[in-house]
Amino acid sequence: MQTQCTWTDSRMLGPFSFKASTFFAFSKQLPTTSSDRLWTRGCSSRIANYPSFMAALSTDSTEKHAVLSHNDSVQKPQQPLQVAKRLEKFKTTIFTQMSSLAIKHGAINLGQGFPNFDGPEFVKEAAIQAIKDGKNQYARGYGVPELNSTIAARFKKDAGLVVDPEKEVTVTSGCTEAIAATILGLINPGDEVILFAPFYDSYEATLSMAGAKIKGVTLRPPDFALPINELKSAITKNTRAVLINTPHNPTGKMFTREELNTIASLCIENDVLVFSDEVYDKLAFEMEHISIASLPGMYERTVTMNSLGKTFSLTGWKIGWAIAPSHLTWGVRQAHAFLTFATSTPMQWAAATALNAPDSYYTELKRDYTAKKEILVEGLKAVGFKVFPSSGTYFVVVDHTPFGLENDIAFCEYLIKEVGVVAIPTSVFYLNPEEGKNLVRFTFCKDEITLRTAVERMKEKLRRR
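Below you will find a few notes about this structure.

1. Examining the packing of helix α4 (residues 121-132) against helix α12 (residues 345-355)
In a packed pair of helices, the relevant descriptors are the angle between the two axes and the axis-to-axis distance. Running from N to C, α4 and α12 cross one another at 145°; their axes reach a closest spacing of 8 Å. Between α4 and α12 the crossing geometry is right-handed. Contact residues: α4 offers Phe122, Val123, Ala126, Ala127, Ala130 and Ile131, while α12 offers Pro346, Met347, Trp349, Ala350, Thr353 and Ala354. The residue makeup of the contact of α4 with α12, split by class, is 11 nonpolar, 1 polar and no charged.

What follows is the structure, encoded as structure tokens:
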């Protein structure tokens, strides 16, 4: 059983909870005084070292910062951090950590997957107009009718499926909420859910909140192909759902038609649901995206989740949706009603405008990202990384071991502090962090100048060992 610890430091920007087994071996000794830190119960004496990349979040001040009462004379006792047991194992997300470090060290952030350029003007203008037109109160819980209809029309065009926008489309606050509503609305405590590792970190956390039993099937480099026999072995009579992500974050893999047919056959045979996260469907570079719901016999057992943010570079708007047959939509909507109830009204109107964009928009989008991908991939190869193929998304996974650091966290720490570039350690995306210790993820959703500057920094300062 992994030791769970929570630590607060008066010099830190915030408290962090972390897996001891993941981090204690990767860190440097920090100064320790009774006023500097507070260990809560459950911390093992083994963990004397907090990871130095986390410590870098602390301020430069060396003063003790006492917390004073309103009369500036009585020091308030620090209280142990409190969190429900189902979330004890989770820490501040790696994306928050790395973005904070990027700011602190002036590093170029090729870690978190948000563009450093803005979305299209016609979509932003539609949002402004909706606000001016007074569309600012609560929307209907499951979506503005115009957006539901537009989502249904797009799904028909992309997947060839006709869905009822009133009964089978639910608008959510980003795809992350669609994932949460789907899991919380359809998974019972003790249900088994299969994840393909590495996976987007919110999957595991949300499944833990639902009380699910999580089973992992690992996709391995170089091609991250589906291990069919492992999947067959993982499915049992208690398996409720398989959660897939294609195109796949963090690897850039796209599940082939053959792989999807295999998953579909196993799910039909064993009466298993599929939750399919397809937020990168329009960022498919080397093959056509296939929605598993479009395969024979699969729509009735699939929830397809998507969002506006990745395709239109508007990640801060948090407009997502879930498409499912009415008997599954019922559970999704029940959870959604008590998570957010409704999503931003003017942004929904603008999203309807966005999804009516002509095909030329998507052609140009793919062309622009192909050019960005080439800059980063060729640059990483020139630096000395082993770069694995990425068929979709705006991510690339590389093997960092030519540079001699012991693991992905140590490498990312070095990259930020000494080189001035941010990547994401992938070990946080595995049930067993050891499986990801040799890999890091870069993103190319940045302007070309930023990508070229990052590559030049790495060429200048990174040396193979």
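2. Some points on the sheet that holds strand β13 (residues 395-399)
Here we have 4 strands laid out as an open sheet, ordered β12-β13-β16-β15, and antiparallel in their pairing. Since the sheet does not close on itself, it has two edges, and those belong to β12 (386-387) and β15 (424-425), each with one partner. Sheet topology note: the β13/strand β16 (residues 439-443) ladder contains 5 bridges and is antiparallel. Within β16, the position partnered with Val396 by the bridge is Phe442. Lying over the sheet, helix α14 (residues 408-419) contacts β15 and β16, oriented at roughly 45° with respect to β16.

3. Things to note about helix α3 (residues 94-105)
Between its first and last C-alpha, α3 extends 16 Å over 12 residues, near the 16 Å set by a 1.5 Å rise per residue. When α3 is considered as a whole, its buried residues turn out to be Ile94, Phe95, Gln97, Met98, Ser99, Leu101 and Ala102. After α3 finishes, the residue Gly106 shows a positive phi value of roughly 65°.

4. Some words on the sheet that holds strand β9 (residues 273-277)
Spatial ordering of the open sheet is given by β5-β11-β10-β9-β8-β6-β7, a layout of 7 strands whose pairing is mixed. Pairing within the sheet leaves two strands with one partner each, and these edge strands are β5 (169-172) and β7 (213-218). Neighbour-to-neighbour, the strand axes of this sheet turn through a mean angle of 20°, independent of strand direction. Two elements, β9 and strand β10 (residues 302-307), share 4 bridges in a ladder whose sense is parallel. Note on β10: the bridge partner recorded for Asp277 is Met305. Contacts from helix α5 (residues 145-159) reach β5, β10 and β11 (320-323) within the one sheet, and its direction differs from that of β5 by about 115°. Packed on one face of the sheet, helix α11 (residues 326-339) meets β5, β9, β10 and β11 and runs near 25° to β5.

5. Section: the pattern of salt bridges
For the structure shown, the criterion picks out 18 salt bridges. Arg154 is the salt-bridge partner of Asp281, the closest N and O atoms lying 3.0 Å from each other. With Asp281 in the loop between β9 and β10 and Arg154 in helix α5, this pair connects stretches of sequence that are 127 residues apart. Lys213 is the partner of Glu192 in a salt bridge, and the nearest nitrogen-oxygen pair spans 3.8 Å. One end of the pair, Glu192, is in strand β6 (residues 192-197); the other, Lys213, is in strand β7, with 21 residues separating them in the sequence. For Lys213, a relative accessible area of 46% translates into the label partly exposed.

6. Remarks on the nonpolar core
One finds Phe196, Phe275, Leu308, Phe312, Phe385, Phe442 and Met458 to be the most contacted residues of the largest nonpolar core, which totals 130 residues. For this core, the leading source of residues is helix α13 (residues 359-383), giving 9 residues.

7. What to know about a nonpolar patch on the surface
Together, Leu184, Met209 and Leu339 line one region of the surface with nonpolar side chains, adding up to about 240 Å² of accessible area. Topologically, Leu184 is positioned in helix α6 (residues 174-186). Taking the relative accessible area as the measure of exposure, Leu184 reaches 35% and is therefore partly exposed.

8. Some thoughts on the environment of Ala234
Relative to the helices and strands, Ala234 resides in helix α8 (residues 228-234). Exposure remark for Ala234: the relative accessible area of 8% places this residue in the buried category. With 40 residues separating them along the chain, Ala234 and Ile194 place their C-alpha atoms 7.5 Å apart. Contact partners of Ala234, with chain neighbours within four places excluded, come to Glu192, Ile194, Lys215, Val217 and Thr239.

Reading guide: rules and limits
Residues numbered from 1 in each chain as written. Predicted model: local features only at pLDDT ≥ 70, side-chain atom pairs only at ≥ 80, totals over all residues. Heavy atoms only, no water. Axes fitted to C-alpha atoms, helices over the stretch in contact; angles between N-to-C directions. Helix = DSSP H or I, 4+ residues; strand = E, 2+ residues; numbered from the N terminus. Left-handed = near helix turned anticlockwise from the far one by under 90°. Contact = heavy atoms within 4.5 Å. Nonpolar A, V, L, I, M, F, W, Y, C, P; charged D, E, K, R; others polar. Pairing = 2+ DSSP bridges. Expected span 1.5 Å × (residues − 1). Buried < 20%, exposed > 50% of the residue type's maximum accessible area, 1.4 Å probe, protein only. Salt bridge = Lys/Arg side-chain N within 4 Å of Asp/Glu carboxyl O. Core = buried A, V, L, I, M, F, W, Y, C linked by side-chain atoms within 4.5 Å. Patch = residues over 30% accessible without salt bridge, like charges linked within 9 Å, V, L, I, M, F, W, Y side chains within 5 Å. Areas by Shrake-Rupley, 256 points an atom, 1.4 Å probe, with all protein chains shown as cover.

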